[in-house]
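# Overview (structure and organization)
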Amino acid sequence: MIKVKPYDKVALIYNSLMKDVDYNIWSEYIKKIADIHLKGIERVLELASGNCSIGKILSSKFRTFIASDISFSMLKSSDSPDVTKICCDMTSLPFKTKFDFIFSAFDSINYISNRKKLFKFFIDINNLLNDGCIFTFDASMESNSLNYTVPKNTSYRFNDYSFRKVSRYKKLKKTHYNLFVIDHISGTEYKELHKQKIYNFETYFKLAEKAGLKMQAYYNYFTFEQAGPESERVQFVMRKTKV
Ligand SMILES: C[S@@+](CC[C@H](N)C(=O)[O-])C[C@H]1O[C@@H](n2cnc3c(N)ncnc32)[C@H](O)[C@@H]1O
């Protein structure tokens, strides 16, 4: 079995994994958040964009739209040549110019492995936003992960691949593991382990505010209803306040 980096091989089966996700609705939701919280958005940065399913829909709506992801395989598997893509780690962002709207979708923030890194990340986002501008992301919460204290298995087939996903939450470590075992018809087997940190609801408030970002809203995902500590997925909206 060949051990590979997260999303190296999952990139090849990602669309099949996400077949039930409606990226039109997701994109519309993000655009609505942008419209509600800010006028005159010109420069947009997407973090952890994966294969740019959202960028493909939203990029033409803004003057500048950059999609970024740490996984070259994910960016490469995108079928959107028109979307500007940059391969980079969101915990070490290379940008020198600022943005009006920064967002990330699908619990990608949970890949930030500890509070120290999450705090530094919020500081970097604050520095990267123009005054009064917005950062939004969704995070997967413990109420969701608690459904996986007993591991859950799912199997799929896609093109020349068959794959198995084992999802498991370790409450003491506050870590959600997704193990992917991917078999190619040639007989080669790959293994990818994804680790996502599950932070307390309050942690996002504490660290963001300490970093200078003001919490504007926190919605139950895909709604505009206020979320709470028991929510399964929360859409956080933060604003850079003028200094
Ligand atoms: C669940 S996928 C979501 C992809 C995309 N946002 C979507 O909605 O389809 C998580 C993504 O986070 C990316 N990612 C994980 N850690 C990252 C990091 N430190 N910096 C940038 N991207 C990261 C992965 O490469 C992967 O593409």
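Residues numbered from 1 in each chain as written. Predicted model: local features only at pLDDT ≥ 70, side-chain atom pairs only at ≥ 80, totals over all residues. Heavy atoms only, no water.

## Re the domain arrangement of the protein chain
The domain boundaries assigned to the protein chain delineate domain 1 (11-140 + 200-240) and domain 2 (144-197). Here the C-alpha centroids of domain 1 and domain 2 sit 24 Å apart. For the domain 1 and domain 2 pair, buried surface summed over both sides reaches about 1300 Å², with 54% attributable to carbon and sulfur atoms. Of all residues in domain 1, the largest losses of buried area upon contact with domain 2 belong to I13, L17 and Y111, amounting jointly to 39% of the total for that side. Taken together, the connections running from domain 1 to domain 2 amount to five residue pairs in polar contact (both at pLDDT 80 or more). Across the side of domain 1 that touches domain 2, the residue classes tally to five nonpolar, five polar and three charged. (Domains from an automatic or database assignment. Buried area = accessible area lost by both parts, 1.4 Å probe. Polar contact = N/O pair within 3.5 Å; in protein donor to acceptor, adjacent residues only side chain to side chain. Nonpolar A, V, L, I, M, F, W, Y, C, P; charged D, E, K, R; others polar.)

## Focus on the site of the ligand
Every one of the 17 residues lining the ligand counts as a neighbour, but Y14, Y23, A48, D69 and M90 are closest to it. Contact between the ligand and D69: an oxygen atom at 2.6 Å from a side-chain N or O atom of the residue. A105 places a main-chain nitrogen or oxygen 3.1 Å from a nitrogen atom of the ligand. Computed on the free molecule, the ligand has an accessible area of 590 Å², of which 94% lies beneath the protein chains in the complex. Split into classes, the residues belonging to the shell around the ligand amount to 11 nonpolar, four polar and two charged. (Near = heavy atom within 4 Å. Areas by Shrake-Rupley, 256 points an atom, 1.4 Å probe, with all protein chains shown as cover.)

## A look at the packing of helix α5 (residues 115-128) against helix α7 (residues 201-210)
At their nearest, the axes of α5 and α7 sit 8 Å apart, and the two run at 45° to each other. On the basis of the axis angle, α5 is oblique to α7. In terms of crossing hand, the pair formed by α5 and α7 is right-handed. Taking contact as the criterion, the partners of R115, L118, F119 and F122 in α5 are, on α7, T203, Y204, L207, A208 and K210. Classifying every residue of the contact of α5 with α7 by side-chain character gives six nonpolar, one polar and two charged. (Axes fitted to C-alpha atoms, helices over the stretch in contact; angles between N-to-C directions. Helix = DSSP H or I, 4+ residues; strand = E, 2+ residues; numbered from the N terminus. Parallel < 35°, antiparallel > 145°, perpendicular 65-115°, else oblique. Left-handed = near helix turned anticlockwise from the far one by under 90°. Contact = heavy atoms within 4.5 Å.)

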